[in-house]
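Summary of the model geometry
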Amino acid sequence: MAQTPQQRRANLKFQKDQEARRGKSEDQIKKRVEKAPKSPISMFWLVVLGFIVFGGLVFEVLSRLFLN
């Protein structure tokens, strides 16, 4: 039975992963697999929140300095 393009890509990915693991100890493999935990909020929303909090503070300080 012939492979579909999707199966072929999956097999190539698996083969590449297996070749990368050859000659390495289990500890090295586990370190590579473990990733840093991803933040539950995206960078865009952090910037928006920071602008709301600190932008309001900056505008308030400027208004107090120049309007008084």
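You'll find the structure just up there.
Now for a quick tour of the structure. (Residues numbered from 1 in each chain as written. Predicted model: local features only at pLDDT ≥ 70, side-chain atom pairs only at ≥ 80, totals over all residues. Heavy atoms only, no water.)

Regarding helix H1 (residues 5-21)
In this model H1 runs 25 Å from its N-terminal to its C-terminal C-alpha over 17 residues, within 8% of the 24 Å that 1.5 Å per residue would give. Following H1 by one or two positions, Gly23 has its phi on the positive side, about 80°. (Helix = DSSP H or I, 4+ residues; strand = E, 2+ residues; numbered from the N terminus. Expected span 1.5 Å × (residues − 1).)

Focus on the pattern of salt bridges
Using the criterion set out here, one finds 2 salt bridges in the structure. Here Asp17 and Arg21 are joined by a salt bridge, their closest N and O atoms 3.3 Å apart. Note that Asp17 and Arg21 are positioned in helix H1 at a spacing of 4 residues, about one turn of the helix. A salt bridge links Glu60 to Arg64; its shortest N-O distance comes to 2.8 Å. Within this pair, Glu60 and its partner Arg64 are both found in helix H3 (residues 43-67), separated by 4 residues, close to a single helical turn. With a relative accessible area of 39%, Glu60 lands in the partly exposed category. (Salt bridge = Lys/Arg side-chain N within 4 Å of Asp/Glu carboxyl O. Buried < 20%, exposed > 50% of the residue type's maximum accessible area, 1.4 Å probe, protein only.)

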